[in-house]
Amino acid sequence: MTEISPADEAVPVVLRVNGTDRRIAAEPRRTLADALREDCGLTGTHLGCEHGVCGACTVLLDGEPVRSCLLFAVQAQGAEIRTVEGLADDDGTLHPLQEAFWRHHGLQCGFCTPGFLMLSAGVLETRPDIGDEELREALSSNLCRCTGYQTIVEAVRSVRDAAGA
Amino acid sequence: MGEPDGARGRSLIGESVLRLEDRPLLVGEGRFLADISFDGEVHLRVVRSDVAHGVLRGVDLDDARAGEGVVAAWSAEEVAHVPAIEFRMTGFDELRPYCQRILASEYVRYVGDPVAVVIAEDPYLAEDAAELAFVDIEPLDAVLEASSPESVAPLTLETSYGDTDAAFEAAHRVVELHAAVGRHSGVPLETRGLLAFPRPDGVLELHGIAKVPHYNCATIAAMLDLQPGQVVGREGHVGGGFGIRGELYPEDVLVTYAALRLQRPVKWVEDRREHLVAANHSREQSYRVRAAVDERGVVQALDAEFFHDQGGYVRTHGATVPNLSVALLPGPYLIPSYRVRGNIRLTNKTPAGTYRSPGRFESTFVRERLLDRVATELDLEPVEVRRRNLIPTEAMPFDRGVSTLGTPLVYDSGDYHRLLERLVDHIGYVALRESLAQRRRQGEMVGLGIGMFVEKSGLGPFDDVRVRRLDDGGVEVVTGAASVGQGMETAIAQICADVLGVDYTDVSVRHGQTDMIGRGMGAFASRVTVMTGVAVYMAASELAATGEPAEATFNTDHMTYPYGAHAAVVRVDAGTGGVTVERFVVAYDVGRAVNPMLVEGQIIGGVAQGIGGTLLELFSYDPDGQPLATSFMDYLMPTVAEQPHVEVLLSEDAPSPLNPLGLKGAGEGGTTACGAAIASAIDDAIGRPGAVTTLPATPELVRSLLRN
Ligand code: FES
Ligand code: FES
C-alpha cells in the first residue's frame with residue numbers, strides 16, 4: 001500500500017456474495033449497500049435511512065449481521081457476504097425463516113423484510129437457542145413501520161423452536 | 001390455513017388465507033422504486049431551503065452546472081409556467097393562494113422548501129453538485145405557533161348543531177380542557193421516489209407512483225400541458241403508505257418535467273433527511289374544549305376550538321384533516337349539541353397532510369381526555385361515563401347533523417355498548433383495576449386507560465373493476481385501486497374467488513396501471529376493501545352468471561363507520577419518566593372481515609404507529625424554525641422493544657347496511673385511540689387524573705409532571 005486513491009476514483013473490488021465472486025469497480029466512498037444494489041444488481045438489500053438506524057440494509061458479513069449502508073464496499077473485500085437473494089435454495093425452496101414470515105404474516109409492505117430476514121438468520125445461526133427476551137432485544141435493532149413487530153417475533157420464534165425440537 | 005373454495009359451501013370471505021403478495025418480497029425480488037432503472041437514466045437532486053422563512057434573493061447554479069457529470073440545473077424561473085399543485089380533496093378558495101409551486105420563488109416558507117434541482121449522470125455526482133448551488137436567502141422571523149397572532153389565518157371551519165348556549169346555561173357542571181397533539185407523521189420505511197421514463201411513442205411512464213395513480217398522472221399531465229393519456233402510471237411495490245405517500249408533491253412534477261425536457265429517464269430517490277423535512281407532516285393540533293354536563297355525567301353540549309398547524313403551504317389534502325377533526329370530535333357519544341371552530345393556520349414548518357386516522361387520532365385524544373375529566377369531576381368510573389354517553393344501537397343509523405369530505409356524517413351501524421362491554425370483560429376491568437391498585441400500593445407506578453372512537457372508511461364515490469377468465473384457467477381482476485403494502489391483492493382475490501368458486505391463488509389482481517383501466521380512485525381512507533371489494537363482488541357475480549368478461553362499478557355517496565375501543569396498561573419509571581406499555585387491547589368492529597389475519601395485521605401495525613405518536617415521535621423545531629428531527633436518531637419510531645403484545649378483539653356485530661358484503665374498512669382503527677388510552681393510563685399510574693394533556697408524553701414531559 002503506497003498510494004491512497006481519492007475517494008471518487010473507482011478501484012477494482014472483489015466481493016464474495018452468496019458464494020460467488022463479483023468483480024466490480026467502486027469508488028472508495030461507495031457503500032457496500034450501493035455496490036450490492038447497483039453494481040451487483042442485488043436490489044433485495046434495501047435502504048431505509050442510510051445512517052445506520054433502520055436495519056433495512058442488513059446483510060451477513062462472515063455470518064454477522066451488519067448494516068451495509070455503514071460499510072464501504074472496499075471494506076468488505078475478502079469477507080463472505082450473504083444477502084436475502086442467497087437465502088432460498090437454488091430450486092426455489094424457501095428458507096425456513098422466509099416460510100415462517102409468510103405463514104405468520106410477518107410482512108406487509110415488505111420493505112423491511114430482507115433486513116429482518118438477514119438479521120434473524122444471523123442471530124439464529126450464532127445463537128440457535130436464544131431466549132425470548134434476548135431475541136426481542138436482537139430484533140429491536142431493526143425498524144418496521146407496518147407490522148408492529150408481533151408477527152415478525154412470532155415467525156422467528158417458530159423457526160427457533162422448530163430447529164430446537 | 002384452509003382449503004379456499006367458496007363453491008364447496010364454505011365462504012372464503014372470512015378466511016385467514018396466506019397472502020398472494022409475499023413471495024417476491026421474501027426472496028429479494030421486490031420492485032420498489034429504487035430497484036428500477038432504465039438505460040441512460042440520470043439522477044435528480046433537489047436543492048432545498050435551509051432557512052425556515054425568508055426572501056429568496058437568488059439561486060446561483062453556475063458552479064453546480066460546472067460540476068462533474070451534471071446534465072442540467074434549474075431554479076424557479078425555468079418552471080415558472082407550471083402552476084401550483086392543486087387540492088385533491090377538501091379544497092377551499094380561501095386556501096388556494098397557499099398552494100405550493102414546484103420550486104419556490106420570492107419566498108421560502110420552511111426548511112426543506114425546494115428551490116432548485118440538479119440533474120447528473122450519477123446520484124453521488126448529483127449530490128456533490130447540489131452542494132455547489134448558492135442559495136441567497138434573507139431570513140425573516142419564523143412563525144412556529146399556529147395559535148400565535150403572527151400565523152397566517154386563511155380559513156376557519158365552523159359547524160354546529162343543537163342549542164349549545166342553552167345547554168351551557170342549564171349545565172350542572174362545565175368541564176374544560178386544553179389539550180394538544182404534537183407534529184408527527186407516517187414516515188414509511190421506504191422513502192419517496194419517482195422514475196420518469198419518456199417512451200419513444202411520446203408517453204411518459206411514471207414508476208414509483210402510488211396511492212392515487214390515476215389522479216396523479218392526470219394532474220401532472222395537465223400541469224405540464226400534456227394530453228391526459230400521455231402520462232402513464234406504473235405502480236410497483238410500495239414500502240408503506242399511511243396517508244403521506246403517493247400524494248402529489250413538487251418532486252413528482254419536477255422529475256416528470258425533467259424527463260420531458262431532457263428526453264432521458266430521470267430518477268429521484270429521496271434520502272431520509274429529505275423525507276423528514278419534505279414529505280407531509282401531520283397531527284399538530286391544539287384544542288380548547290368545554291363540556292356542559294348534567295348530574296349523571298351526560299355531556300349535553302360540546303364547545304370546541306382548535307388550531308391546526310398546516311405548515312408552510314396547503315398541499316393536496318386541502319382542509320381534509322381539520323375537516324375530519326371537526327366532524328368526528330363528538331365520536332361515539334350522543335352529545336345533543338355541538339359547536340366547533342377549527343382554525344387552519346400557516347406556519348414555517350413542513351406542510352401537513354393526512355396520516356393514518358387523520359383528524360381522529362387528534363380529536364379522539366381530546367374528547368376522551370375530556371370524558372376522563374368528567375369522570376374525575378363527578379367522581380364516576382371512566383367506563384361508566386362512557387356507558388352513559390354512548391349512542392345506543394337503537395339510534396342507528398345515526399345522523400350526526402354535520403358533513404365531512406363532502407358527505408353527510410351518518411353512522412351506518414354499530415353496537416357501541418356491546419363492544420365496550422366486550423373490552424371490559426376481556427380485560428377483567430374490575431379485577432385489573434384492583435390488581436393495579438395493589439401494585440401501586442407496593443410502590444409501582446402502573447395504570448389503566450381506555451378510549452373509544454368511531455372510524456370512517458370506504459370513501460366513494462366509485463370504483464370500477466373488470467373481471468375475466470384467462471386461458472390458463474386463472475381469473476384476472478383489473479382495478480383502478482392501488483396497493484400500498486396492505487395486502488389488498490389477497491383480499492380482493494378472496495372475494496372474487498369466493499364468488500366464482502375458484503382458488504384465490506388463481507386470481508391475479510392488476511392495480512395501479514393507469515393505462516389498463518380508464519379511471520381509478522386509488523388507495524386511501526381505508527377504502528379499497530370496501531369499494532374495490534364490492535365492485536369485484538358485483539363483477540364476479542356477473543361473470544359467474546353470464547360466463548362472459550364482466551365490468552362493474554360500485555357507487556356510493558356515503559362512508560361506512562367502523563368503531564372501536566382501546567385499553568392500555570402502562571408502567572411509569574419514576575426516575576426517568578419513561579413509559580412502558582405493558583398491555584394493549586384493541587376491540588374493533590369492522591362489520592365483516594374478509595381476511596382476519598390481514599385485519600389484525602393492520603390493527604397491530606396501527607397500534608405501533610399510535611404508540612409512536614403518543615410516546616416518541618415529534619418533529620421539533622428550534623426557535624429559528626430549524627427542524628431538530630432530521631434523522632432516525634432524533635425522530636424516534638417504536639422498535640420491538642417499545643411495542644407490547646397487542647390483543648385484538650375483532651368484532652363483526654355491525655355489518656354495514658350500505659354494501660352487499662357488510663364490509664367496513666380496517667386500516668386505521670389500531671391507531672385512533674392510542675393517544676387517548678395511554679394518556680389516561682399514565683394519569684392513573686402517577687395518580688394525577690387529567691395530568692397528560694399534550695402528546696407525545698415523552699420521558700421529559702412525564703418527569704415534569706412527576707416533579708409538580
Ligand atoms: S439503511 Fe442502513 S441502517 Fe437504515
Ligand atoms: S413490512 Fe413495511 S416496513 Fe416492515
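Because the structure is a prediction, the values reported are computed rather than measured.

### Things to note about the pattern of salt bridges
All names here are of chain B. With the rule as written, the count across this model stands at 69 salt bridges over all chains. Here Arg 418 ties to Asp 653 by a salt bridge, and the two come within 3.5 Å at their closest N and O atoms. Of this pair, Arg 418 sits in helix H11 (residues 416-427) while Asp 653 sits in the loop between strand E25 (646-651) and helix H16 (674-686), and the two are 235 residues apart along the sequence. In this structure Arg 418 comes out as partly exposed when scored by relative accessible area, which is 44%. We classify Asp 653 as partly exposed; its relative accessible area is 24%. The salt bridge involving Glu 444 is made with Arg 439; its shortest N-O contact spans 2.6 Å.

### Considering the nonpolar core
Counting 116 residues, the largest nonpolar core has B:Val289, B:Tyr411, B:Ile678 and B:Ile682 as the members making the most contacts within it. In terms of residues, this core owes the most to one element, H16(B), which gives 9 residues. Every residue in contact with B:Val289, bar those within four places of it in the chain, is listed here: B:Val175, B:Glu176, B:Leu177, B:Leu302, B:Asp303, B:Ala304, B:Leu329, B:Val366 and B:Leu370. The next biggest cluster of nonpolar side chains, apart from the first, holds 51 residues, and it includes A:Leu60, A:Leu87, A:Leu124 and A:Ala138.

### Observations regarding the interface of chain A and chain B
Size of an interface: often given as the accessible area lost when the parts come together. Contacts between chain A and chain B engage 47 residues on the former and 54 residues on the latter. Across the chain A to chain B interface the summed buried area is about 4,200 Å²; carbon plus sulfur atoms make up 57%. The tally of links from chain A across to chain B stands at 3 salt bridges. At the boundary of chain A and chain B, one finds 25 residue pairs in polar contact (both at pLDDT 80 or more). Those elements giving two or more residues to the side of chain A that touches chain B turn out to be helix H1 (32-39), helix H2 (96-103), helix H3 (113-126), helix H4 (132-139) and helix H5 (150-164) of chain A. Here the element with the most residues in the side of chain A that touches chain B is H2(A); it accounts for 4 residues. Grouping the constituent residues of the side of chain A that touches chain B by class yields 20 nonpolar, 16 polar and 11 charged.

### Here we look at the domain arrangement of chain B
Residues and elements named next belong to chain B. The assigned domain composition of chain B is domain 1 (5-30 + 459-555), domain 2 (39-140 + 191-237 + 245-278) and domain 3 (285-457 + 560-707). Between the C-alpha centres of domain 1 and domain 3 there is a distance of 32 Å. With 24 residues of domain 1 at the interface, the matching set in domain 3 holds 21 residues. For the pairing of domain 1 and domain 3, the buried interface totals around 1,700 Å² over both sides, and the portion due to carbon and sulfur atoms is 69%. At the boundary of domain 1 with domain 3, the tally comes to 0 salt bridges.

### Quick look at the sheet that holds strand E5 (residues 80-82) of chain A
All names here are of chain A. As summarised here, the arrangement of the 5 strands in space is E2-E1-E5-E3-E4, forming an open sheet in which the pairing is mixed. Each edge of the sheet is formed by a strand with only one pairing partner; in this case those strands are strand E2 (20-26) and strand E4 (64-67). Here the strands of the sheet are splayed against their neighbours by 40 degrees on average, with no regard to which way each runs. Lying on the sheet, H3 is in contact with strand E3 (58-61), E4 and E5; it crosses E3 at an angle near 35 degrees.

The rules behind each value
- Residues numbered from 1 in each chain as written.
- Chains lettered and ligands numbered in written order.
- Predicted model: local features only at pLDDT ≥ 70, side-chain atom pairs only at ≥ 80, totals over all residues.
- Heavy atoms only, no water.
- Salt bridge = Lys/Arg side-chain N within 4 Å of Asp/Glu carboxyl O.
- Helix = DSSP H or I, 4+ residues; strand = E, 2+ residues; numbered from the N terminus.
- Buried < 20%, exposed > 50% of the residue type's maximum accessible area, 1.4 Å probe, protein only.
- Core = buried A, V, L, I, M, F, W, Y, C linked by side-chain atoms within 4.5 Å.
- Contact = heavy atoms within 4.5 Å.
- Buried area = accessible area lost by both parts, 1.4 Å probe.
- Polar contact = N/O pair within 3.5 Å; in protein donor to acceptor, adjacent residues only side chain to side chain.
- Nonpolar A, V, L, I, M, F, W, Y, C, P; charged D, E, K, R; others polar.
- Domains from an automatic or database assignment.
- Pairing = 2+ DSSP bridges.
- Axes fitted to C-alpha atoms, helices over the stretch in contact; angles between N-to-C directions.

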